[in-house]
Every structure is written in C-alpha cells, then in structure tokens.
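Spelled out, the chains give:
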Amino acid sequence: MSEPWPAAVAAAWHPLAYASELDRPLAKTLMDIPVVLFRAGRDAVALVDQCPHRNVPLSRGKVCGNHLVCAYHGWRFDLHGQCVGVPGADSVPNVAARSLAVHEAGGLVWVSLAPQPPPFPALRPELGDPSLDRFWWPLPSSRARLLDAIENLLDPAHPHFLHPYLVRRPDARRAVDVHFTSNARGGEARYTEAGTQSAWLPRLFEGRRTISIGRYVAPTVAQLSFESDDSFTLAITVVFVPESRDRTRPFAHFATPRGLLPGWLKRRALIAFHTPVLRQDRQALALQAENIERMGAPDYHQGPLDLFGPLIWRLANGLSSPTEERKLQFWL
Ligand code: FES
Ligand SMILES: [Fe+2]
C-alpha cells in the first residue's frame, strides 16, 4: 500500500490542460491516476483513462459528435463515461469509465479526483483581470516532489546560490525587513528593502522594486508579486500539479500592468529571462527528489529563513494552522 497523498491535495482541484487544447482527447496523469480529457459539445469531460472493456487508454481513441470512441473495439462513451454503443451489436452493456469532476476557469481545465469535490475556489485576481497583460507559460512536468516545488518558488534563501546575479547577488547582501503572516488558508511574506535591486532580473522587470511578496494559497498555489510605489509591477502565479510522487507540473501565469512595452515583447523577455532560472530550480528539485528516494524518506530540519516549508506541509496535509504574525530581518 503506497503512502496516502496529503489530504488537502487529494481533495483539491488541479489544472490538467489549457482549455484551448481540448480539440482532441488528451492523456494526463494526476496523482498517479491516468486521466483523459476531451470536449463533448461545449462541455469539458474528464474520465479515468481506461476503457472498461479491455482497458486500453481511452485517450488513444477519437471524439465523434459528443462521444469518445475507443481505439480498440470502437465502444462509444458519453460525457458521463457511460457506454452508449458497441459496434456490431444491438445491445449495450451497462458499464462506464469512471467520470471525474471537471471545471473550466482562468483558461484552464481543472479536475478533482475527490468523490465529493469541494466548491471550486476563487482564483487569484490577477488570473482574470482584463486590464493586465497576462499569459500562461506552457511548461512540461519535471522530476520534483510537489511540496518541495511549492516551497522552492517561495524560498528566499536559495537564489544567491542557485541563481547568482540573475535573481540575487551573492556578494551584496543587504538588510530586508520581513513581515510574515499566515492563517488556515495560506501565508504571505512581505520583503521590504530600500532602493533598486542589483541583480539582472529584478533590474529589468521590477523597476524601483521596494516590496516583494511571496504568497502561499493552500494547498497548491504559490505567487511571487513585486510592487513599486504601491502598484504591482509583476505577479508570477504558479499552480503546481502532482502527476506522481516525484513528478510535478507547474502552470505558470505572468501578469504585468499595461505599459509602454507591448504584451508580446514582455512575454518574450519574461520567458527568456526565466528560462535559465527555471532550469536551475528544476535541477535542484530533481537532485533533491532523487536523493530522498535513495534515502527512503525526507528528513528535514528547519532553518531561520524557512518561512513557508512547515506551513505548506501542514496545510497541504489538511492540518490546522493558527493565525500568526512575525516580523524579522533577513540578509538577502
Ligand atoms: S478496449 Fe475499448 S472497446 Fe475494447
Ligand atoms: Fe529558484
């Protein structure tokens, strides 16, 4: 019997695809369960990707009208997964592929494996704000453990070592005031520092950055937001999707205020500069996952800069977390 998934993660809604991709059956994996997504008319449909006849993946079939037709013997399934036709016969067995709860929001198709899914949560406002320049950066999954990947995005302590001069300068640390608040829904760290940042990415994209914010929205959303003069300059929101124990797919959304630069140019520049950062993070997360697998289980010890790790672990596992507020100073 394998270890159970963290309770709040198992119950949550997870994006599996962009809504625009559903013009054909798509094979996805969510928490080790194979899922097929397709569109029946206007409705997005999610079924467990296993034909109830001889268990071929339904995703290898095709959509005809409002039905999904299996590639092996041509059994037809409706949007509830119910078998509605068997070629060469007048009768139809009363069998169904398991149907999963599905919801479209923010340009994504979300699925819950829970037998009784929770109400679909409100998304971060940046994801639906038409006054902003916004885009999703399509990314594949990589070897990474879900909760470690979430912590990585919100971790202020690694950029000096993993992304030197791109995100933080290791040779020019300075005092940063940190205001950390958390409650049963997530946490927020506000980092306030004087003047401009000296590393490349912040200089190019964040202008006169004075405040950066890391947010965790339990169980699987993390956001970095950068503010200057009371308005935000860049918000990176990532929904992390657990494909398996050590494969995680990020759905990364970028939002910037409309400004002098056209949206397409900002998109190109943001992707170009975040590509090396992402590669470095993926390498570290893969090494971490590989080493934990060799050792059999994680054995973590908390340090003074680990604001989010324990909170992520508690809330993802469905444990309560008291409302808390802390003021600290870091050298970043
Ligand atoms: S395996 Fe799907 S119809 Fe036979
Ligand atoms: Fe990083």
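Residues numbered from 1 in each chain as written. Chains lettered and ligands numbered in written order. Predicted model: local features only at pLDDT ≥ 70, side-chain atom pairs only at ≥ 80, totals over all residues. Heavy atoms only, no water.

Put simply, an interface is often sized by how much accessible area is lost when its parts join up. Domain annotation for the chain reports domain 1 (7-112) and domain 2 (126-331). Here domain 1 and domain 2 have C-alpha centroids that lie 33 Å from each other. With 17 residues of domain 1 in contact, the opposing surface of domain 2 contributes 20 residues. Summing both sides of the interface, domain 1 and domain 2 together bury roughly 1400 Å²; the carbon and sulfur share of this comes to 63%. Sorting the residues of domain 1 by area buried against domain 2 places Val9, Pro15 and Tyr18 first, and these three jointly supply 35% of that buried surface. (Domains from an automatic or database assignment. Contact = heavy atoms within 4.5 Å. Buried area = accessible area lost by both parts, 1.4 Å probe.)

This part is about the packing of aromatic side chains. If you walk through the whole model with that rule in mind, you get seven aromatic pairs. With a centroid separation of 5.6 Å and 70 degrees between ring planes, the pair formed by tryptophan 13 and phenylalanine 120 is classed as edge-to-face. Residue tryptophan 13 is found in the loop between α1 (7-11) and β1 (14-18), and its partner phenylalanine 120 is found in the loop between β10 (108-112) and β11 (132-137); the two are separated by 107 residues along the sequence. You can call tryptophan 13 buried: its relative accessible area is 11%. Look at phenylalanine 120 and you get partly exposed, because its relative accessible area is 21%. Their ring planes at 85 degrees and their centres at 5.3 Å tell us that phenylalanine 180 and phenylalanine 308 sit as a pair that is edge-to-face. One end of the pair, phenylalanine 180, is in strand β13 (residues 175-183); the other, phenylalanine 308, is in the loop between α5 (263-295) and α6 (309-316), and 128 residues separate them in sequence. Phenylalanine 308 matches phenylalanine 180 in its accessibility class, with the two residues each being buried. Members of the aromatic cluster, joined through ring pairs, are Trp13, Trp110 and Phe120. (Phe/Tyr/Trp six-rings, centres within 6.5 Å; stacked < 30°, edge-to-face > 60°. Helix = DSSP H or I, 4+ residues; strand = E, 2+ residues; numbered from the N terminus. Buried < 20%, exposed > 50% of the residue type's maximum accessible area, 1.4 Å probe, protein only.)

Attention now moves to the packing of helix α2 (residues 146-154) against α5. Direction vectors running N to C along α2 and α5 enclose 145 degrees, while the axes themselves pass 11 Å from each other. For the pair α2 and α5, the sense of crossing is right-handed. When α2 is examined against α5, the residues Asp148, Ala149 and Asn152 are found in contact with a partner set consisting of Asp281, Leu285, Gln288 and Ile292. For the contact of α2 with α5, the residue count by class is three nonpolar, two polar and two charged. (Axes fitted to C-alpha atoms, helices over the stretch in contact; angles between N-to-C directions. Left-handed = near helix turned anticlockwise from the far one by under 90°. Nonpolar A, V, L, I, M, F, W, Y, C, P; charged D, E, K, R; others polar.)

Attention now moves to the coordination of the iron ion (ligand 2). Binding of the iron ion (ligand 2) to the protein goes through His158 (NE2), His163 (NE2), Asp281 (OD) and Asp281 (OD), at separations of 2.1 to 2.4 Å. All donors of the iron ion (ligand 2) belong to a single chain; written as a sequence motif, their spacing is H-x4-H-x117-D. Of this pair, histidine 158 sits in the loop between α2 and α3 (159-162) while aspartate 281 sits in helix α5; the two residues are 123 residues apart in sequence, bridging distant segments of the chain. Aspartate 281 shares its class with histidine 158; the two are buried. (Donors = N, O, S within 2.8 Å, 3.2 Å for Na, K, Ca; no water.)

Here we take up the sheet that holds strand β7 (residues 76-77). Pairing between the strands of a sheet is mediated by backbone hydrogen bonds and can be parallel or antiparallel. The strand order β5-β6-β7-β8 describes an open sheet built from four strands, whose pairing is antiparallel. Each edge of the sheet is formed by a strand with only one pairing partner; in this case those strands are β5 (62-64) and β8 (83-85). Pairing between β5 and strand β6 (residues 67-69): three bridges, direction antiparallel. Along β6, the bridge assignment pairs valine 63 with leucine 68. (Pairing = 2+ DSSP bridges.)

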